[in-house]
Amino acid sequence: LITPVLAVDLVMGRSTPQSVLDPHYTVQPTGTAISADIYDRLVGFGLDLQLKPALALSWEPVDDLTWEIKLRPDVKFHDGSAFDANDVAYSLERATTMPDSPSPVVVNVAAVDHVEVIDDLTLRIVAKAPTPLLMNQIGQIYIVPSETGEATTADFNSGKAVIGTGPYKFQSWIPNEEVKVTANAD
C-alpha cells in the first residue's frame, strides 16, 4: 500500500531564467514562462489544438471585419477587482505599444483596427481586413487590469503591476534565480 504524500511547496525547474514579468513585453519563452500561471487569455487550446473558451465564453463574426466576444462573468483579478471588457480593450491596446521589446507581441494585434466596448461583458473587435484567425491571434494576449494604466515594464518587474486572473498569484521575483507564486483560491 502506497501512502500519498502532500507537498507544502511545489518547485518547478526551467531551462532558462525568467527575463521579465511584463506579459506584453515579449513572446520569447524566457519572458513568458510564468505568464500562463499568473494571467489568463481570451481563449485557450484543447488537446486537439482547437480554440476553447477561457476569459471569452463565445466569439462570432458579425460581418467580414467585426467579431463580437462575450466574456465570462464573475471573474476577479488577484487584487479583488472585477474583470470586464475594458480590461480586454486596454490589454489589446497596451500590446501594440511596448517599447524596446526584443520580440514584440504586436504581431498578435496587428490586424485589429479598434475595439468597441458594448457592455461589461461584451466587446467587438473591428479588424483592418478580413481576418479569419483573429481569435487565434488576439487570444495570445494576456489580460491585465485596465487600472494598470501607464504601468511600465519596470513596474511589472518590481511586482507592483503583476495582477492577473490566473491560477497563481505573484509573490516575488529574484532575477536569474526564482519566481514565487501562491495558489489563487478564487
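Residues numbered from 1 in each chain as written. Predicted model: local features only at pLDDT ≥ 70, side-chain atom pairs only at ≥ 80, totals over all residues. Heavy atoms only, no water.

J.: Sorry if this is basic, but what is going on with the pairing of strand β8 (residues 178–183) here?
T.: Each regular strand carries side chains that alternate between the two faces of the sheet. In this structure, strand β7 (residues 168–174) lies alongside β8, joined through six bridges in antiparallel fashion. Its bridge partner being in β8, Tyr168 is matched across the sheet by Ala183. (Pairing = 2+ DSSP bridges. Helix = DSSP H or I, 4+ residues; strand = E, 2+ residues; numbered from the N terminus.)

J.: Is there a simple way to explain the packing of aromatic side chains in this structure?
T.: For any pair of aromatic rings, geometry is given as the distance between the ring centres together with the angle between the planes. Taken as a whole, this structure holds two aromatic pairs when the rule is applied. Taking 6.2 Å as the distance between ring centres and 50° as the angle between the ring planes, the aromatic pair formed by Tyr39 and Tyr142 counts as tilted. One end of the pair, Tyr39, is in the loop between α2 (35–38) and β1 (43–45); the other, Tyr142, is in the loop between α4 (134–138) and α5 (153–157), with 103 residues separating them in the sequence. In terms of burial, Tyr39 and Tyr142 fall into one category: buried. Relative to Phe83, the ring of Phe77 has its centre 6.2 Å away and its plane inclined at 65°; by these criteria the two rings are edge-to-face. Accessibility assignment for this pair places Phe77 and Phe83 in one class, buried. (Phe/Tyr/Trp six-rings, centres within 6.5 Å; stacked < 30°, edge-to-face > 60°. Buried < 20%, exposed > 50% of the residue type's maximum accessible area, 1.4 Å probe, protein only.)

J.: What should I look at first to understand the environment of Asn108 in this one?
T.: By the element assignment, Asn108 lies in the loop between α3 (85–95) and β5 (112–119). Put simply, Asn108 and Gly139 are 31 residues apart on the chain and 8.1 Å apart in space, counted from C-alpha to C-alpha. Excluding its chain neighbours within four sequence positions, the residues that come into contact with Asn108 are Val27, Gln137, Ile138, Gln140 and Ile141. (Contact = heavy atoms within 4.5 Å.)

J.: Just checking my understanding: could you explain the pattern of salt bridges for this structure?
T.: Here the idea is simple: oppositely charged side chains can pair when their charged atoms come close. For the structure shown, the criterion picks out five salt bridges. The residue Arg124 makes a salt bridge to Glu68 at a minimum N-O spacing of 2.7 Å. Residue Arg124 is found in strand β6 (residues 122–127), and its partner Glu68 is found in strand β4 (residues 66–71); the two are separated by 56 residues along the sequence. Classification of Glu68 by relative accessible area gives buried; the value is 15%. Taking the shortest distance from any N to any O, the salt bridge between Lys160 and Asp155 comes out at 3.9 Å. Residues participating in the shared-partner salt-bridge network are Glu68, Lys70 and Arg124. (Salt bridge = Lys/Arg side-chain N within 4 Å of Asp/Glu carboxyl O.)

J.: Any chance you could explain the nonpolar core here in plain terms?
T.: Side chains of a nonpolar character, in soluble globular proteins, are inclined to be buried together. In this structure, Leu42, Ile69, Leu71, Phe83, Val88, Ile125 and Ile138 are the most contacted members of the largest nonpolar core, which totals 25 residues. Those elements that place two or more of their residues in this core are β4, α3, β6 and α4. Counting residues per element, this core draws most heavily on α3, at four residues. Aside from chain neighbours lying at most four places away, what touches Val88 is Leu42, Leu71, Phe83, Leu123 and Ile143. Counting residues in each nonpolar core, the second largest holds 13 residues, with Ile38, Tyr39, Val144 and Phe170 among its members. (Core = buried A, V, L, I, M, F, W, Y, C linked by side-chain atoms within 4.5 Å.)

J.: Got a minute to help me understand the sheet that holds strand β3 (residues 56–61) in this structure?
T.: As summarised here, the arrangement of the four strands in space is β3-β4-β6-β5, forming an open sheet in which the pairing is antiparallel. The open sheet has two free edges, formed respectively by β3 and β5, since each of these has just one partner strand. On average, each strand axis in the sheet is tilted by 20° relative to the strand beside it, whichever way the strands run. Relative to β6, β4 runs antiparallel, the two being bridged by five bridges. By the bridge assignment for β6, Glu68 is matched with Arg124. Strands in contact with α3 are β4, β5 and β6; relative to β5, the strand with the most contacts, it is inclined by about 170°. (Axes fitted to C-alpha atoms, helices over the stretch in contact; angles between N-to-C directions.)

From the geometry alone we can't say anything about function, so treat these as descriptive.
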